[in-house]
Amino acid sequence: MPKQGLPSLLVFSLYISSFTLSATFSTTTNLPQQFKEAPEFYNSPNCPSIINNHGTETEDDDNNNNNNDIISICSEEAVHVAMTLDATYLRGSMAAILSVLHHSFCPQNIIFHFITSAASSASASANASSLLRATVSASFPYLKFQIYPFSDSVVTGLISTSIRSALDCPLNYARSYLANILPLCVRKVVYLDSDVVLVDDIAKLAATPLGGDAVLAAPEYCEANFTAYFTPAFWSNPSLSLTFANRKACYFNTGVMVIDLDRWRAGDYTTKIEEWMELQKRMRIYDLGSLPPFLLVFAGNIVPVDHSWNQHGLGGDNFRGLCRNLHPGPVSLLHWSGKGKPWARLDASRPCPLDALWAPYDLLKPPFSFDS
């Protein structure tokens, strides 16, 4: 039975500190970080079992999965979670995974889909994928997950420079291609950024009803200055300025989304996003990475989710990364969007107060214990 909410963090921090088995990578690899093994999490008694549509259980594909658990990727009972996975944000990803499992009533029903960057050569790509898979498997031996390579070439020619170089990483655009990457039988997925921590059951978020025709759901922030996400060239263009006509367009953060992949595929929304990116290459209509194309396609046409599911901006603004406080109201998910990341600030001994809420989920093994 998972502990719920922020009060459990102190107890959990003591609990997780007792698990010390690490991944076994040398500091000469591309993944020098070593992580402790997380505890195993079990379903509550009333959780449904994961079976496929034919009512029979199936074995994992050893080429894509990390263990021999009997699951079905196509189970209607599974909660599907998609995240990108790379060396730069691996520490954050590991903390996010742990937080999801810890607060889930049915953690064994969660299937993770990790999107990794495919290197220029097949051998290098396979090696990087193997290292990431082994890292995750070492810390979460019982985790149900698959890894999918995402070729940078798919999107490199569409990316234009933004106000922060980290936003220009091709993998940051993989969320626009989930419907193409994930198996067709995966009909609905929760997408999470790597700099989040959940303190509530992700199944509640996954169960968000999308209504008759909505493609995605996310917390909306209609009090934000929506016009600021696009350049004067966009708003001064007679045709472009009508993009949001008859739409109550509000800002939403793409780091936490519930996506109906069937509807996405049917509407070919990846192409719609790419068309805006192609226009951006010809005339600069926005300054922020992968967010504005999502706003152009979906703003005003999404299902709003309670703000508790994205207490965002904890990383501060994109220029200075100043400390920020929680927004008023309940908390189900903490999101360190922005320039500052909690692990970097903790390592530098310059943490923000709220970074203490991320620290209990940090599985990084201290360097001095690598050889223990």
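You'll find the structure just up there.
Every value quoted in this text rests on a predicted model; they were computed, and no experiment measured them.

A. Seen up close, the state of the cysteines. The tally for this structure, following the rule as stated, stands at four disulfides. Across the disulfide, Cys-323 is cross-linked to Cys-352 (sulfur-sulfur distance 2.0 Å). Residues Cys-323 and Cys-352 share a disulfide whose torsion about the S-S bond is about -85°; that sign makes it left-handed. Linking Cys-323 in the loop between β10 (303-304) and β11 (333-335) with Cys-352 in the segment after α10 (342-347), this pair joins segments that are 29 residues apart in sequence. Residue class for Cys-323 comes out partly exposed when judged on its relative accessible area of 45%. What makes Cys-352 buried here is its relative accessible area of 5%. Described in terms of the sequence order of its bonded cysteines, the disulfide pattern of the chain is 1-3, 2-4, 5-6, 7-8.

B. Structural view of helix α2 (residues 90-102). Under the 1.5 Å per step criterion, the end-to-end length of α2 is 18 Å for 13 residues, consistent within 8% with the ideal 18 Å. Judged by how many residues are buried, α2 sits mostly within the fold: 13 of 13 residues are covered.

C. Representation of the packing of helix α8 (residues 269-282) against helix α9 (residues 291-298) in the model. The contact between α8 and α9 brings their axes to 9 Å, and the two run at 120°. By the angle class used here, α8 and α9 are oblique. In terms of crossing hand, the pair formed by α8 and α9 is right-handed. Here α8 contributes Tyr-269, Lys-272, Ile-273, Trp-276 and Met-277 to the contact with α9, which in turn contributes Pro-293, Phe-294, Leu-296, Val-297 and Phe-298. Classifying every residue of the contact of α8 with α9 by side-chain character gives nine nonpolar, no polar and one charged.

D. Local environment of the environment of Val-303. Within the secondary structure, Val-303 sits in strand β10. Taking the C-alpha atoms as reference, Val-303 lies 6.6 Å from Ala-214; in sequence the two are 89 residues apart. Val-303 has contacts with Thr-208, Pro-209, Leu-210, Ala-214, Leu-216, Ala-217 and Ala-218, leaving out every residue within four places of it along the chain.

E. Here's a closer look at the pattern of salt bridges. Summed over the entire model, instances satisfying the criterion amount to eleven salt bridges. Put simply, Lys-204 and Asp-200 hold a salt bridge, and the shortest N to O gap is 2.9 Å. For Lys-204, a relative accessible area of 49% gives the class partly exposed. You can call Asp-200 buried: its relative accessible area is 11%. A salt bridge links Arg-263 to Asp-260; the shortest N-O distance between them is 3.5 Å.

F. A look at the sheet that holds strand β6 (residues 216-218). With respect to topology, seven strands assemble into an open sheet ordered β3-β2-β1-β4-β9-β6-β10, the strand pairing being mixed. The strands lining the two open edges of the sheet, one partner per strand, are β3 (144-151) and β10. The sheet contact formed by β6 and strand β9 (residues 256-260) spans two bridges and is antiparallel. Each bridged residue has a counterpart across the sheet, and for Leu-216 the counterpart in β9 is Ile-259. Where α2 meets the sheet, its contacts fall on β1 (79-84), β2 (110-118) and β4 (188-192), and the angle it forms with β2 comes to roughly 170°.

G. Representation of the pairing of β1 in the model. Counting buried positions along β1 gives six out of six residues, so the element sits mostly inside the fold. Burial along β1 is two-sided: the face carrying Val-79, Val-81 and Met-83 and the face carrying His-80, Ala-82 and Thr-84 are both buried. By the bridge criterion, six bridges tie β1 to β2 in an arrangement that is parallel. In the sheet register, Met-83 faces β2, and the bridge partner there is Phe-114. Handedness of the β-α-β unit built from β1, α2 and β2 comes out right-handed. In the sheet, β1 pairs with β4 via two bridges, with the strands oriented parallel. Note that in β4 the partner of Val-81 across the bridge is Val-190.

What counts, and at which threshold
- Residues numbered from 1 in each chain as written.
- Predicted model: local features only at pLDDT ≥ 70, side-chain atom pairs only at ≥ 80, totals over all residues.
- Heavy atoms only, no water.
- Disulfide = S-S within 2.5 Å.
- Helix = DSSP H or I, 4+ residues; strand = E, 2+ residues; numbered from the N terminus.
- Buried < 20%, exposed > 50% of the residue type's maximum accessible area, 1.4 Å probe, protein only.
- Expected span 1.5 Å × (residues − 1).
- Axes fitted to C-alpha atoms, helices over the stretch in contact; angles between N-to-C directions.
- Parallel < 35°, antiparallel > 145°, perpendicular 65-115°, else oblique.
- Left-handed = near helix turned anticlockwise from the far one by under 90°.
- Contact = heavy atoms within 4.5 Å.
- Nonpolar A, V, L, I, M, F, W, Y, C, P; charged D, E, K, R; others polar.
- Salt bridge = Lys/Arg side-chain N within 4 Å of Asp/Glu carboxyl O.
- Pairing = 2+ DSSP bridges.
- Right-handed = clockwise from strand over helix to strand, strands pointing away.

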